[in-house]
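One-letter residues, chain by chain:
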Amino acid sequence: MFDVPTMHLDQEEDQLKFHYDGTVYRLTRPPGEPQQVNDALAEIEAYFETVDDYGNSNNPTAVKAHMYEALLWFFWAPFANRQAEFYQRHGINLDKALPYLYVFGESNGGKGTFCRFALSLISGNRVEAPVDADEIGKRKVRNLRSVHTSFPVVVDDITKQKVNSLDTLRNYWSGWTGETSYPMFAFISNDKRPGEWFRNRAKILRFDVNFMTSHQGEAEVNRLIDTENPLYQWFGYEYLNRDLELGEDSDALREVREAMLDLYEYADRSVPNYFPKDPAENAYDTGRERWRNLIDREDVTITRDGDTLQVTFPESMNFELHEYKRDPPMTVRIEKRGLDLIIKTPDEFFEWLGESTETGPRGSFLSRARSILKR
């Protein structure tokens, strides 16, 4: 069994405690002077902005939003057992309410480096290295429920097939009583979205960027990772002073966003335009953009099939159909038949895709699709 640092929330003291090298560290304390908080926020923003300085991306704002969303998940993960207790009191299914993290993207997309950055922040520069995918399996996932730690298990360079095989994660929280802390899981992969059961239980984020080889960029990133940044301690204090609530949506990170915004307000610092005030995977949905671009293709046709839509792809796109099938949220039911994708819930599909007032190919596609359904 690989070593996972011991971390748990002391409910009586309202303290997140971290055990490392024989020492117990308290990871929550009131914010310092506003200028100190401002400087700490500036440091994490400097990390995100390496996308602008050293990366190639069609949408840098979306990439930074996805990165910030991933960091919010890391900030939340050690407190997930607190949320589990709250949800359990309200009869919420923990396995679908407490999301795992899945970050994917091409090679040189900065995913592994980001993990070092996030792990360093939540551990006070004491832990950087994620777990190698070869070290994880169903038995180890099961055994981790008994080690009494809430420090997240971050698995790097994993295939989606390996993730799909970890079906212990389907019912990971079953039998949880609150007496033992369970760690959350984050998976980093070059592969695109894994299977349906996992997508139902995960936050899926994409780092759609390619970082250029640059000694200057590498030095800057390493400086930011190695810099001691107390932001997480202040965040933890703000977060624990917030009551958890059941919202109208299923955003598990709602109070995390609010606590971070409190720190921005305290520091009198402008909130960057890429800060995810709502889940970044919804606000900047790369799958939705793929479908919107697909609509502009003249070789993609749409017909009515009963109360459903049939989208027919050209032979040249045969291997891409699976990815288009997985792009929409789980509320959009899609079936693959040969070169066709059958959209069984058109209303949910259109709601996800968004209304269009365009007069070009995209607008005409939506109008045509709706009119086909009304015939």
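Residues numbered from 1 in each chain as written. Predicted model: local features only at pLDDT ≥ 70, side-chain atom pairs only at ≥ 80, totals over all residues. Heavy atoms only, no water.

Chemist: Any chance you could break down the overall build of the protein chain for me, citing the residues and the numbers?
Modeler: Check the secondary structure of the protein chain and you find 17 helices and 14 strands. Taken over the C-alpha trace, the protein chain has a radius of gyration of 22 Å; the compact-globule value for 375 residues is 21 Å, and the two agree within 12%. The C-alpha extent of the protein chain, read off along each of the three principal axes, is 70 × 45 × 40 Å. Sorting the 375 residues of the protein chain into buried and exposed places 53% on the buried side. Residue pairs at least 24 apart in sequence account for 74% of intrachain contacts in the protein chain once pairs closer than 6 positions are excluded. Summed over all atoms, the accessible surface of the protein chain reaches about 17400 Å², with 41% contributed by carbon and sulfur. Side chains of the protein chain carry 46 positive and 63 negative charges; the gap between the two charge centres is 7 Å. (Helix = DSSP H or I, 4+ residues; strand = E, 2+ residues; numbered from the N terminus. Rg over C-alpha atoms; globule rule 2.2 N^0.38 Å. Buried < 20%, exposed > 50% of the residue type's maximum accessible area, 1.4 Å probe, protein only. Contact = heavy atoms within 4.5 Å. Areas by Shrake-Rupley, 256 points an atom, 1.4 Å probe, with all protein chains shown as cover. Lys, Arg positive; Asp, Glu negative; His and termini not counted. Charge placed at Lys NZ, Arg CZ, Asp CG, Glu CD.)

Chemist: So, the packing of aromatic side chains: which residues are in play, and what are the values?
Modeler: Tallied over the full model, the rule gives 40 aromatic pairs. For the ring pair Tyr 172 and Trp 173, a centre distance of 5.7 Å and an interplane angle of 85° mean the geometry is edge-to-face. Given a relative accessible area of 0%, Tyr 172 falls into the buried group. Here a set of aromatic residues connected by ring pairs shows up, and it is made of Tyr 47, Phe 48, Tyr 68, Trp 73, Phe 74, Trp 76, Phe 114, Phe 117, Phe 207, Tyr 264, Tyr 274 and Phe 275. It is Arg 82 that lies over the ring of Tyr 239; its NZ or CZ is 5.0 Å from the centre. (Phe/Tyr/Trp six-rings, centres within 6.5 Å; stacked < 30°, edge-to-face > 60°. Lys NZ or Arg CZ within 6 Å of the ring centre and 35° of its normal.)

Chemist: I'd like a description of the pairing of strand E13 (residues 334-337), backed by residues and values.
Modeler: Where E13 lies against strand E14 (residues 340-343), four bridges are found, and the strand directions are antiparallel. Within E14, the residue paired with Ile 334 across the bridge is Ile 343. Joining the antiparallel neighbours E13 and E14 is a turn of two residues, in which Gly 338 adopts a positive phi near 60°. (Pairing = 2+ DSSP bridges.)

Chemist: Please provide a residue-by-residue account of unusual backbone geometry, values included.
Modeler: Positive phi outside glycine occurs at Asp 21, with the angle close to 55°. Its location among the elements puts Asp 21 in the loop between strand E2 (15-20) and strand E3 (23-26).

Chemist: Report on helix H6 (residues 111-123), specifying residues and quantitative values.
Modeler: Counted at 1.5 Å a residue, the expected span for H6 with its 13 residues is 18 Å, and the 18 Å between its end C-alpha atoms agrees. Burial of H6 is extensive: 10 of the 13 residues sit out of reach of the surface. Along H6, the residues that are buried comprise Lys 111, Phe 114, Cys 115, Phe 117, Ala 118, Leu 119, Ser 120, Leu 121, Ile 122 and Ser 123. Phi for Gly 124, located one or two positions after H6, is positive at around 65°. (Expected span 1.5 Å × (residues − 1).)

Chemist: Tell me about the sheet that holds strand E1 (residues 6-10), and name the residues and values.
Modeler: The strands making up a sheet associate through backbone hydrogen bonding, with each pair oriented either parallel or antiparallel. Taken together, the three strands give an open sheet; going across it, the order is E1-E2-E3, and neighbouring strands pair in antiparallel fashion. Since the sheet does not close on itself, it has two edges, and those belong to E1 and E3, each with one partner. Within the sheet, the average angular offset between the axes of one strand and its neighbour, ignoring direction, is 25°. Pairing between E1 and E2: five bridges, direction antiparallel. Within E2, the position partnered with His 8 by the bridge is Lys 17. (Axes fitted to C-alpha atoms, helices over the stretch in contact; angles between N-to-C directions.)

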